[in-house]
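# Per-entry structural report
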Amino acid sequence: MKIAMVCYPTHGGSGVVATELGMCLAGRGHDVHFISYSAPFRLRGFHEHVFYHEVDVSAYPLFKYPPYDLSLAAKIMEVADDYTLDIVHAHYAIPHAISAYLARQMLRGRGPKIITTLHGTDITLVGKDASFKAAVKFSIEESDGVTAVSRYLAERTLREFAVERDIRVVHNFVDVERFSPRAPHCIREHFAPKGERILMHASNFRGVKRLSDTVEILARVRQKVPARLLLVGEGPDRQASHEIAVKLGVHDDVVYLGTQDSIENLLGCADVFLLPSSEESFGLAALEAMSCGTPVIATNIGGLPEVVTHGQDGFLYPVGDVESMAAAAIDLLNDQEKLAAMRQAARRKAEDHFRQEQIVPQYEEYYQEVMDRQ
Ligand code: GMT
């Protein structure tokens, strides 16, 4: 098949899933065309069957806000025409699904099928904004196929957007060879020179991630076990988390690593991965940690219970319950046998339920199903 992946190129879950999916499909012989405003960060090196088309945004002085959506629609149309695309796969409803719809209208029925994958905040946060809601609903209704990354997200979309259509659940996935306990990992001593235990969190440091809770957890853990917190990423809540670390007197043990392209080399270094989010449609970072054999302590919200099984491969607690999260971490860090068993269970979960070889064919089948429909 000839497939376009329309996605955000930055360090965000939807862009990561789109890129990994595209590379895997290319490895299976499909032609994959990435369309974005810059090359997706995980698209490293040369890959056979992979093409990249950059969207140029006009800087004409009349535009206070350059119309990216229109430039994107024009680029999708051009690529669809030049390469006779079968599928345009839009990752994230805003604006990708809407631009894909416009491109198809401009092609006047000659166009490819449009499949939209809902990732989370396009529905749970941004999509609920009054200025976007009608457009998001419209793009979902007008797509030829719609997938969601968890049952939770599919159900919430149907309920909150009052759409009556099938939404196929295709869970996120991981390359278990690359994200592996056996992958070349960072040197623990570099981050924990006195043999401290390592807590880790990775995200875009936005409000929903509750970054400060990770610092609160560290402060409680450190009262019982020497530990350090490695924070991977960048975003608006970085400064607030630093201020809390200073207030709690743990700032020397909070290490900001910035955004990292090869997080697979860091995750296995951690003893525990923290994801105390208030919204999480799936939690790809948690899955990648589990694949590296790192148990997850997270919140019992959104799609996280579809990824983490409480007490088996991690722990889930209510949003803001930093006491319980810290107690679970302390218990685990003090019990080597339990930690080792949980590490194995986390890895097994990734291998048995979320390996890319198992999930990517679900997308291929769905593409075919949508193409076969009149
Ligand atoms: O986590 C984010 O805020 C980024 C966001 C995105 O779309 O880039 O992530 C969402 O999509 C990921 C990939 O499907 C999911 O694993 C994340 O759970 C989801 N984030 C939220 O729901 C907050």
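Computed from a prediction, not measured in an experiment: that's the story for all the values here.

Glancing now at the overall build of the protein chain. For the protein chain, the helix and strand inventory stands at 14 helices and 13 strands. Its C-alpha atoms give the protein chain a radius of gyration of 21 Å, within 12% of the compact-globule value 21 Å for 374 residues. Referenced to the eigenvectors of the C-alpha coordinate spread, the extents of the protein chain come out at roughly 65 × 45 × 40 Å. Considering the protein chain as a whole, with its 374 residues, one finds that 56% of them fall into the buried category. A separation threshold of at least 6 residues defines the contact pool for the protein chain, and within that pool the share at least 24 residues apart is 70%. For the protein chain, the exposed surface amounts to about 15700 Å²; the carbon and sulfur share of it is 50%. Across the protein chain, 39 positive and 50 negative side-chain charges occur, with their mean positions spaced 3 Å apart.

It is worth spelling out the pairing of strand β4 (residues 87–91) at this point. On a regular strand, each side chain points to the face opposite its neighbour's, so the side chains alternate between the two faces of the sheet. In terms of burial, β4 is largely enclosed, as five of its five residues are buried. Covered by surrounding structure in β4 are Ile-87, His-89 and His-91 together with Val-88 and Ala-90, the residues of both alternating faces. Bridge analysis of strand β1 (residues 2–6) against β4 gives four bridges, and the strand direction is parallel. Note on β4: the bridge partner recorded for Ile-3 is Ile-87.

Along its sequence, the protein chain is carved into domain 1 (2–173 + 355–372) and domain 2 (188–353). Contacts between the two partners involve 23 residues from domain 1 and, on the opposite side, 20 residues from domain 2. The junction of domain 1 with domain 2 conceals about 1700 Å² of combined surface from both sides, 48% of it contributed by carbon and sulfur atoms. Three residues stand out in domain 1 for area buried against domain 2, namely His-11, Tyr-152 and Arg-355, and they jointly supply 27% of the buried area on that side. The tally of links from domain 1 across to domain 2 stands at two salt bridges. In this structure, Arg-42 and Glu-288 form a salt bridge, with 3.0 Å as the shortest nitrogen-oxygen distance.

Let's shift gears to the sheet that holds strand β5 (residues 113–118). Judged by pairing direction, the sheet is parallel, and its seven strands sit side by side in the order β3-β2-β1-β4-β5-β6-β7 without closing on themselves. Bordering the open sheet on either side are β3 (50–54) and β7 (168–169), each of which pairs with just one other strand. One ladder, built from two bridges, connects strand β6 (residues 145–148) with β7; its direction is parallel. Residue pairing across strands places Thr-147 opposite Arg-168, the latter belonging to β7. Across the sheet, helix α2 (residues 68–83) is in contact with β1, β2 (31–36), β3 and β4; its angle to β2 comes to roughly 160°.

On inspection of all chains with the given rule, the structure shows eight aromatic pairs. When the ring of Phe-282 is compared with that of Phe-354, the centres are 5.8 Å apart and the planes differ by 85°; the resulting orientation is edge-to-face. Within this pair, whereas Phe-282 is found in the loop between β11 (272–275) and α11 (284–291), its partner Phe-354 is found in the loop between α13 (336–353) and α14 (356–372), the two being separated by 72 residues in sequence. The same class applies to Phe-282 and to Phe-354, which are both buried.

Okay, α2 next. Between its terminal C-alpha atoms α2 stretches 22 Å, which fits the 22 Å expected from 16 residues at 1.5 Å a residue. Of the residues making up α2, those classed as buried are Tyr-68, Ser-71, Leu-72, Ala-73, Lys-75, Ile-76, Val-79 and Ala-80. Contacts from the buried residues of α2 go to β1, β2, β3, β4 and α3 (93–106). Just downstream of α2 lies Thr-84, where phi reads positive at about 40°.

With respect to the element layout, Ser-99 can be found in helix α3. The residues contacting Ser-99, other than those within four sequence positions of it, are Asp-69, Leu-72, Ala-73 and Ile-76.

Calculation criteria
- Residues numbered from 1 in each chain as written.
- Predicted model: local features only at pLDDT ≥ 70, side-chain atom pairs only at ≥ 80, totals over all residues.
- Heavy atoms only, no water.
- Helix = DSSP H or I, 4+ residues; strand = E, 2+ residues; numbered from the N terminus.
- Rg over C-alpha atoms; globule rule 2.2 N^0.38 Å.
- Buried < 20%, exposed > 50% of the residue type's maximum accessible area, 1.4 Å probe, protein only.
- Contact = heavy atoms within 4.5 Å.
- Areas by Shrake-Rupley, 256 points an atom, 1.4 Å probe, with all protein chains shown as cover.
- Lys, Arg positive; Asp, Glu negative; His and termini not counted.
- Charge placed at Lys NZ, Arg CZ, Asp CG, Glu CD.
- Pairing = 2+ DSSP bridges.
- Domains from an automatic or database assignment.
- Buried area = accessible area lost by both parts, 1.4 Å probe.
- Salt bridge = Lys/Arg side-chain N within 4 Å of Asp/Glu carboxyl O.
- Axes fitted to C-alpha atoms, helices over the stretch in contact; angles between N-to-C directions.
- Phe/Tyr/Trp six-rings, centres within 6.5 Å; stacked < 30°, edge-to-face > 60°.
- Expected span 1.5 Å × (residues − 1).

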